[in-house]
Amino acid sequence: MTTALTAITNARIYTIDANFTCYRNGTIVFDDSSIIAVGHTGEVSVPPAARTIDGKGRLAVLPGLIDTHSHSSLLKGYTENAQLMDWLPEYQREHRALNETDAYYSCLVSYMEALKGGTTMVMDMYRFLHKGAQAAMQLGMRVQLVPYAADHPTKDFFETLASTEQLIDECRRYPVDRVKAWVGLEHITYCSEAMFRAARDLSDRYGVNIHTHTSEQQEEVAAVIKLFGKRPVHKFNDWGILKPGSVLAHCVWLDESEIATVAATGTAIAHCPLSNMKLASGPAPLQQFREAGICVGLGSDGGISNNTLSMWECMKGASLLQKVTRLDAAAIDAPTALRMATIEGARLLGVDKKLGSLEAGKQADLLTVDLWQPHLLPILDSEGHDPVLWNLVFAARASDVKDVWVGGLPCVADRQLCNVDEAALLEAISKQTGELLKRREKFAAIPMI
Ligand SMILES: [Zn+2]
């Protein structure tokens, strides 16, 4: 079998390695799996057989972005203008009507949006996720699938631990290693103590991690304290789901003792700044998380709660939210935001040895950004300062992503998806959305608690 070799030359390469090395005029060479070499142009030899893209000093190259908390959906823009406790019951009408075909198209449209914006890996908490696996395999994307599981009698439309186990098992048999499954618990008030304990057993048995939401809004935390007599993170700890590799989404309203527990147990946090702003949840204490040594990745929380899956907006949002909350213009600088969207996301997902930075031997998950556009100029360093690094975080958009590779294989080329017929899929997605909306009309919202 011949190996396809690709080289990108004369590009600004942000490796996001441990030294945050940037090659102002760099070259990267990779095959249909891994990165072979990265360095200064002229110091990296380009094999004659390589397909070469000349960046002409106008392309940036970055590791693929990693969305550590998302929910696929067909129904972006239908649940609006509501705080979480009112938003969730309305959102769940989608789930009560959802069938496998809806789920397939939900995942497809969400992964298509993400991939075109340079996101090469998504942690997706959703349902019928064998269909998510199918969508990801079609597109060539990397996904960490986490079924929404719950056992409260009013939430019987969610997944179960039995269906989760089936998905974990199925994913092990897929011919690619891009599609994996973890154990997911929807919410502390949707799942019994027995379910939490069984989730821990399942995660230990298969050697996979656990993901759930917590402490997104103040009213939610107050309700949990009233129900259980303890703050949510302490309850999770009692039930055994906090351990190295576990991931909690949001954590906006953790108190000091909960932050200490998250740190002591080696649990990671998926921070979703845009969703937290749009649902008026509040600013998560990101600085305290980082000072406590907690691994923090960035999450879009899906199109349903922030109307975009753009990790570019997520990086900018994470930075701005901390700046305005702390009244500190230096909070979460561009390198920190980029690290959270790449290598820290990879660490949170337990894949940082093979993903998250551009280094020889790592998987070739990467993207190019077209810098030669009015909103991304200048590309001129002065006095040792690189404006491009900052403009990538504060000015770049998902639509600036030109090419994307996952495991060295092209997924987006010149802004077009490589492995699917996008026009035909958009027709099918739109038709299926109409059908889901019709079925959803029959279902009324059920209060959260
Ligand atoms: Zn979520």
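This next bit is on helix α12 (residues 311-326). Counted at 1.5 Å a residue, the expected span for α12 with its 16 residues is 22 Å, and the 22 Å between its end C-alpha atoms agrees. Among all positions in α12, only Met-311, Trp-312, Cys-314, Met-315, Gly-317, Ala-318, Ser-319, Leu-321, Gln-322 and Lys-323 are buried. Of the residues that open α12, the one with a side-chain oxygen 3.1 Å from the backbone nitrogen of Trp-312 is Ser-310. Once α12 ends, the next one or two residues include Leu-327, with phi positive near 50°.

What follows is about the side chain of Thr-79. Structurally, the position occupied by Thr-79 is in the loop between β6 (65-70) and α1 (84-97). Filtering out sequence-adjacent residues up to four positions away, Thr-79 remains in contact with Trp-87, Glu-90, Tyr-91 and Ile-304.

What follows covers the packing of aromatic side chains. For the structure shown, the criterion picks out 10 aromatic pairs. With 5.5 Å between their ring centres and 85° between their planes, Phe-228 and Trp-239 make a pair best called edge-to-face. In this pair, Phe-228 sits in helix α6 (residues 218-228) while Trp-239 sits in the loop between α7 (232-238) and β12 (247-250), placing the two residues 11 residues apart along the sequence. Given a relative accessible area of 28%, Phe-228 falls into the partly exposed group. A relative accessible area of 4% places Trp-239 in the buried class. Plain terms: the ring middles of Trp-390 and Phe-394 are 6.4 Å apart, the flat faces sit at 10° to each other, and that makes the pair stacked. With a gap of four residues between them, Trp-390 and Phe-394 both fall in helix α15 (residues 387-394), about one helical turn apart. Overall, Phe-394 belongs to the partly exposed group, its relative accessible area being 23%. Ring pairs connect the aromatic residues Tyr-148, Phe-157, Phe-158 and Tyr-190, which therefore count as one cluster.

Turning to the environment of Cys-107, a few remarks are in order. Note on placement: Cys-107 falls in helix α2 (residues 100-116). It is 5.1 Å that separates the C-alpha atoms of Cys-107 and Ser-72, two residues lying 35 residues apart in sequence. Residues within four places of Cys-107 in sequence aside, it is in contact with Ser-72, Asp-124, Tyr-126, Leu-129, Gly-132 and Ala-135.

This paragraph deals with the domain arrangement of the protein. What the domain assignment reports for the protein is domain 1 (6-63 + 357-417) and domain 2 (65-348). Between the C-alpha centres of domain 1 and domain 2 the distance comes to 29 Å. Taken together, the contact between domain 1 and domain 2 spans 27 residues of the former and 27 residues of the latter. In total, about 2300 Å² of surface goes out of reach between domain 1 and domain 2, with carbon and sulfur atoms giving 74% of it. Among the residues of domain 1 in contact with domain 2, Val-393, Phe-394 and Leu-417 are the three that bury the most area, contributing 26% of the side total. Where domain 1 packs against domain 2, one counts one salt bridge. A salt bridge links Arg-142 to Asp-365; the shortest N-O distance between them is 2.7 Å. Take the side of domain 1 that touches domain 2: its biggest share by element is five residues, from α15. Partitioned by chemical class, the residues of the side of domain 1 that touches domain 2 number 20 nonpolar, three polar and four charged.

Moving on, we come to the coordination of the zinc ion. Protein-derived coordination of the zinc ion comes from His-69 (NE2), His-71 (NE2), His-213 (NE2) and Asp-301 (OD), at a distance range of 2.0 to 2.3 Å. Every donor counted, the four donor atoms about the zinc ion form angles of 87 to 171° at the centre, which fits irregular coordination. Spacing between the donor residues of the zinc ion along the chain follows H-x1-H-x141-H-x87-D. Of the two residues, His-69 is situated in strand β6 and Asp-301 in the loop between β14 (296-298) and α11 (303-306); the sequence distance between them amounts to 232 residues. We classify Asp-301 as buried; its relative accessible area is 5%.

Moving on, we get to the environment of Leu-392. Checked against the element boundaries, Leu-392 lands in helix α15. The class of Leu-392 is buried, set by a relative accessible area of 1%. The spatial distance from the C-alpha of Leu-392 to the C-alpha of Thr-261 is 35 Å, given a sequence separation of 131 residues. What Leu-392 contacts, discounting residues up to four positions off in sequence, is Tyr-14, Ala-60, Leu-62, Trp-312, Val-369 and Leu-371.

This part takes up the pairing of strand β15 (residues 366-370). β15 sits mainly inside the fold: five of its five residues count as buried. Residues Leu-366, Thr-368 and Asp-370 point to one face of β15 and Leu-367 and Val-369 to the other, with burial holding for every one of them. When strand β5 (residues 59-63) meets β15, the two strands line up antiparallel, connected through five bridges. From the neighbouring strand, Ala-60 faces β15, where its bridge partner is Val-369.

A word on the sheet that holds strand β10 (residues 183-185). The parallel open sheet is built from five strands, whose spatial order is β10-β11-β12-β13-β14. Strands with a single pairing partner mark the edges of an open sheet, and in this sheet they are β10 and β14. The average undirected angle you get between the axes of adjacent strands in this sheet is 25°. Looking at chain direction, β10 and strand β11 (residues 210-214) are connected through three bridges and run parallel. Counted as the bridge partner of Gly-184 is His-211 from β11. Sheet contacts for helix α5 (residues 193-206): β10 and β11; angle to β10, the most-contacted strand, approximately 165°.

Definitions and limits used
Residues numbered from 1 in each chain as written. Predicted model: local features only at pLDDT ≥ 70, side-chain atom pairs only at ≥ 80, totals over all residues. Heavy atoms only, no water. Helix = DSSP H or I, 4+ residues; strand = E, 2+ residues; numbered from the N terminus. Expected span 1.5 Å × (residues − 1). Buried < 20%, exposed > 50% of the residue type's maximum accessible area, 1.4 Å probe, protein only. Polar contact = N/O pair within 3.5 Å; in protein donor to acceptor, adjacent residues only side chain to side chain. Contact = heavy atoms within 4.5 Å. Phe/Tyr/Trp six-rings, centres within 6.5 Å; stacked < 30°, edge-to-face > 60°. Domains from an automatic or database assignment. Buried area = accessible area lost by both parts, 1.4 Å probe. Salt bridge = Lys/Arg side-chain N within 4 Å of Asp/Glu carboxyl O. Nonpolar A, V, L, I, M, F, W, Y, C, P; charged D, E, K, R; others polar. Donors = N, O, S within 2.8 Å, 3.2 Å for Na, K, Ca; no water. Tetrahedral: all angles 85-135°; square planar, octahedral: opposite > 155°, others 65-115°. Pairing = 2+ DSSP bridges. Axes fitted to C-alpha atoms, helices over the stretch in contact; angles between N-to-C directions.

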